[in-house]
Amino acid sequence: MTNGNAATGLRDLNAGIPDADQLKGAVSAVYDDVASWSRTGDFWNWGMHCPDLLNELNGLRPNFNAGVSDTFSEQLYFQTLRGLPHTKNDFRTLKVLEVGCGMGEGLNFLTRLVDPARAVGLDISKSAIDRASAILARGDRLSYVEGDAERLPFEDGEFDLVINVESSHNYPDVERFFREVARVLKPGGHFSVIDVFDPRSSVRFGKLQQEISDFEWIHERDVTENVKSSIRQRMAPGSFFRKEYARKQMPLRARIIGGLGGAHYAGADFIGHKDALSKVLEIARIRTKFVGEYESYRHHLARRA
Ligand SMILES: C[S@@+](CC[C@H](N)C(=O)[O-])C[C@H]1O[C@@H](n2cnc3c(N)ncnc32)[C@H](O)[C@@H]1O
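Calculation criteria
Residues numbered from 1 in each chain as written. Predicted model: local features only at pLDDT ≥ 70, side-chain atom pairs only at ≥ 80, totals over all residues. Heavy atoms only, no water. Pairing = 2+ DSSP bridges. Helix = DSSP H or I, 4+ residues; strand = E, 2+ residues; numbered from the N terminus. Axes fitted to C-alpha atoms, helices over the stretch in contact; angles between N-to-C directions. Near = heavy atom within 4 Å. Polar contact = N/O pair within 3.5 Å; in protein donor to acceptor, adjacent residues only side chain to side chain. Areas by Shrake-Rupley, 256 points an atom, 1.4 Å probe, with all protein chains shown as cover. Nonpolar A, V, L, I, M, F, W, Y, C, P; charged D, E, K, R; others polar.

A. Representation of the sheet that holds strand E6 (residues 215-222) within the structure. Strand order in the open sheet formed by seven strands is E3-E2-E1-E4-E5-E7-E6, with mixed pairing between adjacent strands. Edge strands, defined here as strands with exactly one partner in the open sheet, are strand E3 (142-146) and E6. When strand polarity is set aside, the average angle formed by the axes of neighbouring strands in this sheet is 15°. Sheet topology places strand E4 (residues 159-165) next to strand E5 (residues 185-197); six bridges connect them, and they run parallel. Within E5, the position partnered with Val165 by the bridge is Ile194.

B. How the structure looks around the site of the ligand. Residues in close proximity to the ligand total 22 residues, the closest being Trp44, Asn45, Gly100, Asp123 and Ser167. One nitrogen or oxygen atom from the main chain of Trp44 is found 2.7 Å from an oxygen atom belonging to the ligand. Here an oxygen atom of the ligand and a side-chain polar atom of Asp123 are 2.6 Å apart. Relative to its unbound accessible surface of 590 Å², the ligand loses 98% to contact with the protein. Where the shell around the ligand is concerned, the elements lending two or more residues are helix H2 (20-37) and strand E2 (118-123). Taken together, the residues of the shell around the ligand sort by class into eleven nonpolar, seven polar and four charged.

Shown next, in the form of structure tokens:
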């Protein structure tokens, strides 16, 4: 505490910290709102740029984006399959769950690459799940359900692979999420998680890796620079991202929250770019209190014992 005013501010903020259920309610309300102005084909992540990954993707599915995306979000999703022991053929018998699937585009994309026996996307945002179910679902092969990462509505050992993309930093109790993933995975199944970390969540992640004996961690890749490259390219004037953003029919509140040019949604503060929202949150000492300063973006893969 540096002075009386700052201390009062922080105390006020402490008093206002919502409990886990309130936090989840707020998160789902935010993403319900985002779903209301998102367009078909929108991903909700910062993307990553890795030329090798892109070449591999083009090899599997030539011209997979057909000019309808900048490919960065698809690359991020493709990264979740890195390090898995499965061939493309193996996927035909596998059941895959994505926790925190947003509007379902990423899971839809992966199923078109590797075609698993069954794929289920789960998200806490009802609006996102309604959109995914209406637009992308394909019977039992690809379905979407509303639910909470910390209380997965599935049987023990139902899935061969659980993926999680840029979502776990929203969960109040990550340990509970990990234990739920361990429960719904078959023995020998895999858990692939990719997310942004601040110093606190990074330490917590390391502790969970040590303490939860259900998982053997078999692969790790720091993709910080790849994610920053995606964000830089999206922020550049005239980028595909900026043009798409400009075309969105966003309500005024979303434009204000997004900051000019959508910098906030694109993860611009991860590359040191401060948009209007970041500045306001910093001045109010809210950003560092609730979000922390992001330091890395990493992919981790574990095998269920
Ligand atoms: C940044 S978005 C990423 C969405 C998607 N994975 C993608 O990359 O496009 C984070 C997602 O996590 C979801 N989420 C947050 N908390 C959740 C929870 N407790 N249970 C399930 N989903 C949650 C949000 O609703 C949102 O769709």
